[in-house]
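# Results of the structural survey
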Amino acid sequence: MARRTLPLAALTAAAALTLAACGGSGGPDDIKGAGGSASAGASEAADEPKGKRPDIGLPKDAVMVVDKGQPSEAAHQPALDDAFRFIQAMRHGIVAQDPDDAAYQYYSTAGAARYARGQIEQWVKGGWTPTGKDQYYDTGTSSVGEGKGVLVTFCRDQSQTFSKSLESGEVHRTEKSPKSFQKYSVLMREKEGESGVWQAGQIEVQGEAKECSR
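A quick note: this is a predicted structure, and the numbers were derived from the prediction, not measured. Counting restarts for each chain, with residues numbered from 1 along the sequence as it is written. Where totals are concerned, whole chains, interfaces and linings use all residues; where local detail is concerned, this predicted model gives features only for residues with pLDDT of at least 70, and gives and counts side-chain atom pairs only at 80 or more. The basis for every side-chain value is the complete set of non-hydrogen atoms in the structure, without hydrogens or water.

Bringing the packing of aromatic side chains into the picture now. Centre-to-centre distance and the angle between the planes together describe a pair of aromatic rings. In this scheme Phe, Tyr and Trp rings, the latter by its six-membered ring, pair at centre separations within 6.5 Å, and the angle between planes marks the pair as stacked below 30 degrees, edge-to-face above 60, and tilted otherwise. One pass over the structure, following the stated rule, counts 6 aromatic pairs. Consider the rings of phenylalanine 84 and phenylalanine 154, whose centres lie 4.6 Å apart with planes at 40°: the pair is tilted. Of the two residues, phenylalanine 84 is situated in helix 2 (residues 77–96) and phenylalanine 154 in strand 3 (residues 149–157); the sequence distance between them amounts to 70 residues. The residues phenylalanine 84 and phenylalanine 154 share a single accessibility class, namely buried. Ring geometry for phenylalanine 154 and tyrosine 184: centres 5.1 Å apart, planes at 15°, overall stacked. Here phenylalanine 154 is found in strand 3, whereas its partner tyrosine 184 is found in strand 6 (residues 181–190), with 30 residues between them in sequence. There is no split in this pair, since phenylalanine 154 and tyrosine 184 are both buried. Taken together, the ring pairs connect Phe84, Tyr136, Phe154 and Tyr184 into an aromatic cluster. The ring of tyrosine 106 has lysine 191 sitting right over it, with the charged end atom 3.6 Å from the ring centre. Whether a charge sits over a ring depends on NZ of Lys or CZ of Arg being within 6 Å of the ring centre and within 35 degrees of the ring normal. Directly above the aromatic system of tyrosine 137 lies the positively charged group of arginine 214, at a separation of 3.8 Å from the ring centroid. Secondary structure counts use DSSP, requiring at least four H or I residues in a row for a helix and at least two E residues in a row for a strand, with both numbered from the N terminus. Partly exposed describes any residue whose relative accessible area lies between the buried limit of under 20% and the exposed limit of over 50%, with all areas from a 1.4 Å probe on protein chains only and scaled to the type maximum.

Written as structure tokens, this is what we have:
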């Protein structure tokens with residue numbers, strides 16, 4: 001996937017205004033060669049808390065491996081955790097082939113929700129589902145909007161995750177290249193009416209991110 005939404009500087013600058021009002025932006029990415037998601041823990045993404053939160057579990061052949069590292073401030077941990085739950089929830093919708101899946105809607109709003117829906121719709125239209133290992137690393141957090149929001153950034157290596165045809169079972173494999181690496185910036189804010197739950201409001205995905213190459 002290599003589509004851009006807002007440039008990072010614009011995303012950060014808009015954050016204060018967005019958090020004061022509420023809004024966002026986003027759009028779908030490419031399908032083939034992208035994908036993936038997971039289960040739980042420090043090396044695998046979910047570690048879902050109990051309660052009202054939706055199920056975001058995924059098949060064992062679609063693993064999302066996350067190295068979260070440490071947030072810049074301890075108070076950012078819930079936003080960091082829920083940023084990855086948003087990414088996993090989006091993958092849950094792809095696997096379920098459901099653009100109205102409740103999981104991503106729980107963890108996102110505004111532009112980020114539109115982005116997730118667009119992603120799911122493209123996979124559904126193409127008849128693909130993710131398979132393989134999707135890797136996330138080099139996380140970072142920073143306060144925005146006078147501390148009302150948290151900007152979560154991270155890298156993605158999608159060189160080992162692929163798209164599989166639901167009809168034929170054929171896996172569309174791609175070679176590792178600059179297109180394998182992406183940089184994500186996700187603006188998180190606490191969900192109204194649910195203390196401790198954070199939602200993605202805006203998202204930027206930068207393709208061919210040199211700083212994420214490894």
